[in-house]
Number of protein chains: 2
Amino acid sequence: MPFVVSGVSIPCKKRVRSKPSRGIRDMLDEKLIEQALSDGSAVRAEYDGLHYIQFVDDTKKVPRGTVSFDGRVVYGYGKIGRVLSLESGLKAQFSHPFWVEEKIDGFNVRIVKVRDRIIALTRGGYVCAFTTDRIDDLLNTAIFDKHPDLVICGEVAGPENPYMDDGPPFIAEDVRLFVFDMNRWDERKFLSNEEKVHLMEVFQLPTPQRFGRFSVADVEKIKQILLKLNSEWREGVVFKEDSPRNHRAKYTTTNANIIDIKAGAQNLLDLPSEYFTNRILRLVLFLEEQGIERTEELSQRLGDAYINGLFEAIKQVHNQNKVTRTYRCRFRNRDNAFKLIKHLESAAGHVQLEMQDLREEGGFWKLKFERTFAKSSGQLSSLLKGRLMYD
Amino acid sequence: MPFVVSGVSIPCKKRVRSKPSRGIRDMLDEKLIEQALSDGSAVRAEYDGLHYIQFVDDTKKVPRGTVSFDGRVVYGYGKIGRVLSLESGLKAQFSHPFWVEEKIDGFNVRIVKVRDRIIALTRGGYVCAFTTDRIDDLLNTAIFDKHPDLVICGEVAGPENPYMDDGPPFIAEDVRLFVFDMNRWDERKFLSNEEKVHLMEVFQLPTPQRFGRFSVADVEKIKQILLKLNSEWREGVVFKEDSPRNHRAKYTTTNANIIDIKAGAQNLLDLPSEYFTNRILRLVLFLEEQGIERTEELSQRLGDAYINGLFEAIKQVHNQNKVTRTYRCRFRNRDNAFKLIKHLESAAGHVQLEMQDLREEGGFWKLKFERTFAKSSGQLSSLLKGRLMYD
């Protein structure tokens, strides 16, 4: 893999390492942290005796989810913009070739070593009790012995996870980790693709499918990748420019949107209405550009996604007077199940939780818990009791 | 028809007429009007030399759409709440028997005689140049010779109307009027059902289907009416309590919601996202309660409604760089076509209009005009050009 792309030289590994805090760390000086704490954009947090500062809002200098332990910083994983049109999106967004990786439908984590512990941070900057418990199952942690300053960014996905309705169709049980980026403490910039791939290979880290390096001229090949992902009900891809600015964009399939609509319809009233219209928009734009035939089967699946999800919610309100969903996940350490529930209860706002089962089985503590969707429960109950609605 | 219902006597015709302005008119004294004009909840308006005051916001004492000509008042047609659950809705809302009428999918008008002219007011209190032009085609205006103080409330519906995407399936061309309520100048209270039906019969006014007087115990009969309306792709019903408070509620069919979603999907980005989620909710609640089978055909129609509407919009942006819809309507007087366009341009906010054709044919001036949906056009164009979207 050449290290010079389109005439632009990529900073080499050595250079990146030799200045681990070149100016960026300085931005997070004590004054900035104090200011953030006083204006509420950062809060003091604690996990299992580990005290840290969590940036809860996006600010000019610090993205949401950034955390600071002992004065050192793990930057939040920035938002990746979405293109809804593939060909024009690639043309508009990328001036250099780019890497194409599969986008996995899970939850984002950053895995780091703090003092002697390896922990996983969620997108929002909480320590995830679930992922942290399972780190040894998810990746080869020996990587932190050699690279203690590494931040491993990835997606945790699978049917047995505590946050999301379901997992990708190709994961039959439990969860898996997919590493897609790395950076270092006190640095926002990601490692170059070469550095990242090197470490992934040396430590055999699990990764999403990496389709290779393409340019805008390869749009037909990229379309073929996406059509295949769509037919396998996979989410889509992320494009990462092979250039110093490392610009990114994501693009998702029609079928990923049908999956989301189906999951969302059950708790429709707890979601912003835009959740659905945005997905309809993505779904149809993908169809139209990829030349996918508008079959009866496709329409039927979309219709079913709405009708069956909401039908299930109504049945639940008839039967149990509330809309609930059951989640399952596995822990190595029993205590972490309680830590997770405690965290979800305090962080999740209007979502109520009930732990239903926790039992040892096959080397795991298997947790089952139920979420109640408060708005869906309340509004559906009231409508089913004959309340008038004005619109 | 007995005039006493469940032991409550209904005010008789004579009594209603003998006090045409009993206290209600007094509420709209000059001071109130001046106050409304100064705080912006009312504005001075003019139509074809006719000056009036238009209440543009709902206020405590005056509903939106109320208008005042020469110190006398035509009250706005109040909102009717919606039940999403039939049986419990009837139980919760009605303590007396109620009339059941078909709800027609058109636009609401109030037809009144002002000085020597008969005009139609829209829901918002504008004079509707289209309906006003066509009044002689829509009803027997001789009713105003005998009852000059009457306010005739009804729905104008049909495929050739200037406001809505389409008309009910049972109207093949042009528009028709469906009278469903009457009151008088300076009175908010509607005439009793008996008075209304009497006048409708004497003057052969067109009305929606009136299914009769029912009580909560008749819910199975009402379900049958609604299943038939649903199978004919009609909108639904309005319930009007046969009691002095004359409480109302509306209830709509699954298929009416599919029609709305299909129409809305073409200009999805110009509508609030709740437009769609509310209709999905109504659609599934109707299905569930009425025991309608969740067939593949039904899901397919719902899926098609979303996909085909938005697909059409995307095609339009590819072909003409904007999302448009063509409207047709007929006038007796050519000038009124221009008045309508002028009104739509000034009142419709971000919707742009273009008159495309106006020709004399079969005794009418046939107008064809195009609306451009600004947000759908702008956002779709920009997404099709590859803009990044953050969500």
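Residues numbered from 1 in each chain as written. Chains lettered and ligands numbered in written order. Predicted model: local features only at pLDDT ≥ 70, side-chain atom pairs only at ≥ 80, totals over all residues. Heavy atoms only, no water.

A.B. asks: Can you explain the overall build of chain A? Please cite residues and give values.
C.D. replies: Across its full length, chain A carries 13 helices and 19 strands. Taking 2.2 N^0.38 as the reference for a compact globule, 391 residues should give roughly 21 Å; the C-alpha atoms of chain A span a radius of gyration of 22 Å, in line with that estimate. By principal-axis analysis of the C-alpha atoms, chain A measures approximately 65 × 55 × 45 Å. When each of the 391 residues of chain A is scored for burial, the buried share is 59%. For chain A, the proportion of contacts with a sequence separation of at least 24, taken over those separated by at least 6, is 66%. Entry remark: accessible area of chain A is about 16600 Å², with carbon and sulfur atoms responsible for 46%. The distance from the centre of the 60 positive side-chain charges to the centre of the 56 negative ones in chain A is 3 Å. (Helix = DSSP H or I, 4+ residues; strand = E, 2+ residues; numbered from the N terminus. Rg over C-alpha atoms; globule rule 2.2 N^0.38 Å. Buried < 20%, exposed > 50% of the residue type's maximum accessible area, 1.4 Å probe, protein only. Contact = heavy atoms within 4.5 Å. Areas by Shrake-Rupley, 256 points an atom, 1.4 Å probe, with all protein chains shown as cover. Lys, Arg positive; Asp, Glu negative; His and termini not counted. Charge placed at Lys NZ, Arg CZ, Asp CG, Glu CD.)

A.B. asks: Any chance you could break down unusual backbone geometry for me, citing the residues and the numbers?
C.D. replies: Residue and element names in this part refer to chain A. The phi dihedral of Arg115 is positive, around 50 degrees, even though this residue is not glycine. Along the chain, the position of Arg115 falls in the loop between β9 (107-114) and β10 (117-122). Located in the positive-phi region is Asp174, a residue other than glycine, with phi close to 55 degrees. Looking at the secondary structure, you find Asp174 in the loop between β11 (150-157) and β12 (176-184). The class for Asp174 is buried, based on a relative accessible area of 9%.

A.B. asks: Tell me about the sheet that holds β9(A), and name the residues and values.
C.D. replies: Residues and elements named next belong to chain A. The strand order across the open sheet formed by four strands is β10-β9-β11-β12, and the pairing between neighbours is antiparallel. Both edges of this open sheet fall to β10 and β12, since each of them pairs with a single strand only. For this sheet the average axis-to-axis angle between neighbouring strands, irrespective of direction, equals 30 degrees. When β11 meets β12, the two strands line up antiparallel, connected through eight bridges. Within the sheet, the bridge partner assigned to Ala157 lies in β12 and is Arg176. Strands β9, β10, β11 and β12 of the sheet are contacted by helix α5 (residues 129-138), whose axis makes an angle of about 120 degrees with β10. (Pairing = 2+ DSSP bridges. Axes fitted to C-alpha atoms, helices over the stretch in contact; angles between N-to-C directions.)

A.B. asks: Requested: an account of the side chain of Asn246(A), with residues and values cited.
C.D. replies: By the secondary structure assignment, Asn246(A) is in the loop between β14 (236-241) and β15 (248-252). Ignoring anything within four residues of it in the chain, the contact list for Asn246(A) reads Phe190(A), Lys240(A) and Glu241(A).

A.B. asks: Any chance you could break down the relation of the copies chain A and chain B for me, citing the residues and the numbers?
C.D. replies: Rotating chain A by 180 degrees and translating it 0.0 Å along the rotation axis places it on chain B, where the RMSD comes to 0.0 Å. The superposition operator between the copies reduces to a two-fold rotation axis. Closest approach to the rotation axis among the C-alpha atoms of chain A is made by Gln300(A), whose C-alpha sits 1.9 Å away. Residue by residue, 100% of the interface of chain A is reproduced at the interface of chain B, so both copies engage with the same surface. (Least-squares fit on C-alpha atoms with pLDDT ≥ 70 in both.)

A.B. asks: Outline the packing of helix α11 (residues 296-320) of chain A against helix α12 (residues 296-320) of chain B, supporting the account with residue identities and numerical values.
C.D. replies: At a closest axis distance of 6 Å, the pairing of α11(A) and α12(B) adopts a crossing angle of 95 degrees. On the basis of the axis angle, α11(A) is roughly perpendicular to α12(B). Across the interface between the two elements, Glu296(A), Leu298(A), Ser299(A), Gln300(A), Leu302(A), Gly303(A), Asp304(A), Tyr306(A) and Ile307(A) from α11(A) touch Glu296(B), Leu298(B), Ser299(B), Gln300(B), Leu302(B), Gly303(B), Asp304(B), Tyr306(B) and Ile307(B) from α12(B). A breakdown of the residues in the contact of α11(A) with α12(B) according to their chemical character gives eight nonpolar, six polar and four charged. (Parallel < 35°, antiparallel > 145°, perpendicular 65-115°, else oblique. Nonpolar A, V, L, I, M, F, W, Y, C, P; charged D, E, K, R; others polar.)

A.B. asks: Tell me what's going on with the sheet that holds strand β12 (residues 176-184) of chain B, and back it up with residues and numbers.
C.D. replies: All names here are of chain B. Ordered by their spatial adjacency, four strands build an open sheet running β10-β9-β11-β12, and the pairing between neighbours is antiparallel. The open sheet terminates on both sides in strands that have one partner only, identified here as β10 (117-122) and β12. Between one strand axis and the next, the sheet turns through 30 degrees on average, direction left out of account. When strand β9 (residues 107-114) meets strand β11 (residues 150-157), the two strands line up antiparallel, connected through five bridges. Of the residues in β11, the one forming a bridge with Arg110 is Cys153.

A.B. asks: Would you mind going over the state of the cysteines in detail, with residue names and values included?
C.D. replies: All names here are of chain A. By the definition in use, this model includes zero disulfides over all chains. The cysteine Cys128 is free of any disulfide, with Cys329 supplying the nearest cysteine sulfur at 8.7 Å. Exposure remark for Cys128: the relative accessible area of 0% places this residue in the buried category. Here Cys153 is not cross-linked by a disulfide; its sulfur's nearest cysteine counterpart is in Cys128, at 15 Å. (Disulfide = S-S within 2.5 Å.)

A.B. asks: Which residues make up the confidence of the model for chain A, and what values go with them?
C.D. replies: Looking at chain A as a whole, its pLDDT mean stands at 91, while 92% of the residues score no less than 70. Every residue in residues 1-26 of chain A is under pLDDT 50, and counting partners more than four places away or in other chains gives 47 contacts. (pLDDT = per-residue confidence, 0-100.)

A.B. asks: Please set out the environment of Glu370(B) residue by residue, giving values where relevant.
C.D. replies: Residues and elements named next belong to chain B. Note on placement: Glu370 falls in strand β18 (residues 364-373). The exposure class assigned to Glu370 is buried, which follows from its relative accessible area of 11%. Between the alpha carbons of Glu370 and Gln352 there is a distance of 8.2 Å; along the sequence they are 18 residues apart. If near-sequence neighbours (up to four positions away) are discounted, Glu370 is found in contact with Lys322, Thr324, Arg325, Thr326, Gln352, Leu353, Glu354 and Gln356. Within the local environment of Glu370, its side chain forms a polar contact with the side chain of Gln356, the two groups lying 3.2 Å apart. (Polar contact = N/O pair within 3.5 Å; in protein donor to acceptor, adjacent residues only side chain to side chain.)

A.B. asks: Account for the interface of chain A and chain B, naming residues and giving values.
C.D. replies: Bring the parts together and some accessible area is lost; that lost area is often taken as the interface size. Each partner contributes residues to the interface: chain A has 55 residues there, and chain B has 55 residues. Here chain A and chain B share an interface that buries about 5000 Å² over both sides, 68% of which is from carbon and sulfur atoms. Considering only the surface of chain A that becomes buried against chain B, Arg294(A), Ile307(A) and Phe311(A) emerge as the three largest contributors, covering 12% of it. Scanning the region where chain A abuts chain B turns up four salt bridges. Across the salt bridge formed by Asp391(A) and Arg282(B), the nearest N and O atoms sit 2.8 Å from each other. Applying the counting criterion to the chain A and chain B interface returns 21 residue pairs in polar contact (both at pLDDT 80 or more). Elements supplying a minimum of two residues to the side of chain A that touches chain B: β7 (82-83), α4 (86-93), β15, α10 (274-290), α11, α13 (374-384) and β19 (388-389) of chain A. The dominant element in the side of chain A that touches chain B, judged by the number of residues it contributes, is α11(A), at 14 residues. For the side of chain A that touches chain B, a count of residues per class yields 27 nonpolar, 15 polar and 13 charged. Both β7(A) and strand β19 (residues 388-389) of chain B contribute to a ladder of two bridges, which runs antiparallel. Paired with Val83(A) across the bridge in β19(B) is Leu388(B). (Buried area = accessible area lost by both parts, 1.4 Å probe. Salt bridge = Lys/Arg side-chain N within 4 Å of Asp/Glu carboxyl O.)

A.B. asks: Describe the packing of aromatic side chains, with residues and values.
C.D. replies: In this structure the tally under the stated criterion is 29 aromatic pairs over all chains. Seen in terms of ring centroids, Phe170(B) and Phe178(B) are 6.2 Å apart; in terms of plane orientation they differ by 85 degrees. Their pairing is edge-to-face. Among the residues examined, Phe170(B) registers a relative accessible area of 26% and is labelled partly exposed. We classify Phe178(B) as buried; its relative accessible area is 3%. Taken together, the ring pairs in this structure connect Tyr275(A), Phe276(A), Tyr306(A), Tyr275(B), Phe276(B) and Tyr306(B) into an aromatic cluster. Taking the ring centre of Phe311(B) as reference, the NZ or CZ of Arg294(A) above it sits at 3.6 Å. Arg371(A) extends its terminal NZ or CZ atom over the ring of Tyr327(A), reaching a point 5.4 Å from the ring centre. (Phe/Tyr/Trp six-rings, centres within 6.5 Å; stacked < 30°, edge-to-face > 60°. Lys NZ or Arg CZ within 6 Å of the ring centre and 35° of its normal.)

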